[in-house]
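# Chain and residue survey
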Amino acid sequence: MFKKFKTLAILGTLAFTALSANQVDAHRLGHDLPDSDFVVAGIPRTSNADAIRQSLGTPTSEGRFSLSYGGLTFYVSRQYYPDVITKVITNRDAATARGISVGDTIRDVYNAYGSPDKTYSKGGYDILFYGYYTPNSGDMAGIEFATNGRYVQEITITGSGE
């Protein structure tokens, strides 16, 4: 009798684990972007500060967890240290892999990327987000276009490379 209970308990645990894993994926919304969409200035989806310096040279400014080249800043991930997985574009010094830069219109974004996976407001900007996200978790990888309702004001590209 105990062996039957033990076997049932193990099977129940395995089933619960499998269902839980599927439940997490079921809550993930949007879509995965190809790795090529995370490339900026020749820097791939994930890199590290040394590789970026070797590729782009001496930064115009440097912080404890950032390297800036004009209007393009690479942020070192504290979670995945020393990887750089977030890139922020604040002017026309850089563009996304599909050619969108600060100052382009929302129509340009739609023409390059289609309809966004999510739209929301943040910091006074209307955000067009392309990529995947898990609601209420902070788990997301993709491209955020911060707009003033007409033009792109800032672009944030983030992805852990999973």
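Quick summary incoming for the structure in this document.

Definitions and cut-offs
In this numbering scheme, every chain counts its residues from 1 along its sequence in written order. Under the rules for a predicted model, residues below a pLDDT of 70 receive no local features and side-chain atom pairs below 80 are neither given nor counted, while totals for whole chains, interfaces and linings still include all residues. Values reported for side chains reflect all heavy atoms of the structure, with hydrogen atoms and water molecules removed beforehand. Each residue is placed in one exposure class: buried if its accessible area under a 1.4 Å probe, protein chains only, is under 20% of its type's maximum, exposed if it is over 50%, and partly exposed if it falls in between. Helical segments are the DSSP runs of H or I of at least four residues, strand segments are the runs of E of at least two, and each set is numbered from the N terminus. Any two strands with at least two DSSP bridges between them are considered paired. With a 1 Å grid laid over protein atoms only, a set of points is called a cavity when a 1.4 Å probe fits there but cannot get out and a pocket when it is open yet has protein on both sides within 12 Å along at least five of seven lines; lining residues have an atom within 4 Å of a point. Grid points are joined across faces, edges and corners, and a volume is the space filled by probe spheres set on the points. Charged means Asp, Glu, Lys or Arg here, nonpolar means Ala, Val, Leu, Ile, Met, Phe, Trp, Tyr, Cys or Pro, and polar covers whatever is left, Gly included.

### Concerning the pairing of strand β10 (residues 152-158)
Side chains on a regular strand alternate between the two faces of the sheet. Burial analysis of β10 places five of its seven residues in the buried class, the great majority of the element. Note that strand β6 (residues 83-89) and β10 share four bridges and pair antiparallel. Its bridge partner being in β10, valine 88 is matched across the sheet by threonine 156. Count of turn residues in the strand β9 (residues 140-147)/β10 antiparallel hairpin: four residues, of which glycine 149 carries a positive phi of about 100 degrees.

### Regarding the layout of surface pockets
Each pocket or cavity is described by its volume, and for the largest pocket that value is around 160 Å³. Contributing to the lining of the largest pocket are 13 residues, with Ala49, Arg53, Arg64, Val76 and Tyr81 lying nearest its centre. Counting only elements with at least two residues in the lining of the largest pocket, the list comes to α2 (49-56), β3 (61-63) and β4 (66-69). The leading source of residues in the lining of the largest pocket is α2, at three residues. The class makeup of the residues in the lining of the largest pocket is six nonpolar, three polar and four charged.

### Some points on the pairing of β6
Burial of β6 is extensive: six of the seven residues sit out of reach of the surface. Bridge count for strand β2 (residues 47-48) against β6 is two bridges, and the pairing is antiparallel. Paired with asparagine 48 across the two strands is aspartate 83, which belongs to β6. Relative to β6, strand β5 (residues 72-76) runs antiparallel, the two being bridged by five bridges. The partner of phenylalanine 74 across the bridge, within β6, is lysine 87.

Shape descriptors only; they carry no functional weight alone.
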